[in-house]
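Below, each chain spelled out in residue letters.
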Amino acid sequence: MNWNGKDTALFLQQKEYIDTAIVPVVPADFGPGMSGAAEQYEFIQLLVTFLEKQFKGRLLVTPPHAYLPDLDEWASDAAEWTDRLKKAGFKHVFLFTSDSRWREREEETGAAVIWVPSVPLGDMEDSVKYSLIENQAKQIVNIIVQKWQDSVS
Amino acid sequence: MSKKQPVSRRQFLNYTLTGVGGFMAAGMLMPMVRFAVDPVLKGEAAGDFHPTQQKVSELTDTPVRVDFSYEQTDAWYTSEVTHTAWVYKNNKGDIVALSPVCKHLGCTVSWEGNDHKDKFFCPCHNGLYEKNGKNVPGTPPLKPLDVYPTAEKDGLLQLGKPEANNV
C-alpha cells in the first residue's frame, strides 16, 4: 500500500492482513552534502517503490522520515515513529536508509534497520537503473519474507 | 495568324482561371477533409496492444515471466511503467497470459513460488492459484487472476489490457 488516500482507506478496512510498515529514512542536508542526500533519497524511493509492487497487500509505505543529519539528536525521532506504528497495529517495522550511522542505532529505534548503500543513479539509462534496483531488492525481499516466517513459527 | 490559334483568349482565360481556382479550392478542402476523418484513422493506428520482446515460437507449456513497458500519463506526469505477465501455451495450443497481480490485496504472484508445484503462489498471505489462474478455495484470494488479451505481430507477443478471467 502506498501513502495515498485510496490505499490507506483500503488499509483501514483490511488491517488484519497488513502487518508491515516500511519507513524510508532520508537525511535532509541543505549544505554541501545536498546532492549526496538527494541521491540517497532517489535511490531509497525507487527501492521502496519496487518492494511495494511486490508486497502491496501486506505492507504500507509510510511518508519518508527526514532528519537533519548534523543535529546532536538526529536519531531521536525514530524510536517514536516505531512506537506509533506498532501501536497502529504493525507487527513489523522496517527502516530503509543509506546512511550507515543508523546501523549502530538499530537497537534504540526498536525497528529493523535495513541499510542499503546508495548508488548514484544520475544519468543511468532506465533499463539499467531498473535491473540494478531489482537485483538489490531481491535480496531485501528475502529478508522480509524471512522475518514473516520467523514470526509465524 | 489568329485563325491558326486553336485556343481563343477567352478560352485561355477560362481554362487558367478554372485550373487555379480548382487548386485553391482543393487547398482549402483537403485539410478540412483530413480533420474530419482524423478520429477514424487514429482509432485504427493506436490499438490497445503493447509489444513485448517475447517470441511466440519460444513459448512452452511452462509459464514464463514476460516484462513489458510503455509510457503512461498520470495527470501531468508521464512515466514509463513496467508490467509483467505469466505466459504459456495451454493443451489446446492457445496462448494464455495471466496478470501477476493477486486478487486478494494486489501483491505479485510467482509460478511455483515457495515449492508449490503447478501453482501460482502469493507470498503475502499464502494465496494459491491453479495454472489456468483459478483461485484455490480455502486461500485468501476470492477471484481468479486477470487475463491479458494476446496478439501476435512479426512473431512477437503483444498484450492488451487485463480483464476478468472466467474459469
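Everything discussed here concerns the structure shown above.
It should be emphasised that the depicted structure is a prediction, and the values quoted were computed from it without experimental measurement.

1. Quick word on the interface of chain A and chain B
Here's step 1: Opposite the 15 residues of chain A that make contact, chain B presents 11 residues.
Here's step 2: Of the roughly 1,100 Å² buried between chain A and chain B, counting both surfaces, carbon and sulfur atoms make up 53%.
Here's step 3: Looking only at chain A, the three residues that lose the most surface to chain B are Y17(A), K53(A) and Q54(A), adding up to 35% of its buried area.
Here's step 4: Viewed at the interface, chain B and chain A are joined by 1 salt bridge.
Here's step 5: With a closest N to O distance of 3.4 Å, R65(B) and E134(A) form a salt bridge.
Here's step 6: Listed by contribution, the elements that provide at least two residues to the side of chain A that touches chain B are α2 (34-54) and α6 (126-152) of chain A.
Here's step 7: For the side of chain A that touches chain B, the element with the most residues is α6(A), which contributes 4 residues.
Here's step 8: In terms of residue class, the side of chain A that touches chain B is built from 7 nonpolar, 4 polar and 4 charged.

2. Notes on the packing of α2(A) against α6(A)
Residues and elements named next belong to chain A.
Here's step 1: At a minimum axis distance of 9 Å, the contact between α2 and α6 shows a crossing angle of 60°. Judged by the sense of rotation from one axis to the other, the crossing of α2 with α6 is right-handed. Residues E42, F43, L46, L47, F50 and L51 of α2 lie in contact with α6, whose contacting residues are K129, Y130, L132, I133, E134, Q136, A137, I140, V141 and I144.
Here's step 2: Here the residues of the contact of α2 with α6 are counted per class, giving 12 nonpolar, 1 polar and 3 charged.

Quick notes on the rules
Residues numbered from 1 in each chain as written. Chains lettered and ligands numbered in written order. Predicted model: local features only at pLDDT ≥ 70, side-chain atom pairs only at ≥ 80, totals over all residues. Heavy atoms only, no water. Contact = heavy atoms within 4.5 Å. Buried area = accessible area lost by both parts, 1.4 Å probe. Salt bridge = Lys/Arg side-chain N within 4 Å of Asp/Glu carboxyl O. Helix = DSSP H or I, 4+ residues; strand = E, 2+ residues; numbered from the N terminus. Nonpolar A, V, L, I, M, F, W, Y, C, P; charged D, E, K, R; others polar. Axes fitted to C-alpha atoms, helices over the stretch in contact; angles between N-to-C directions. Left-handed = near helix turned anticlockwise from the far one by under 90°.

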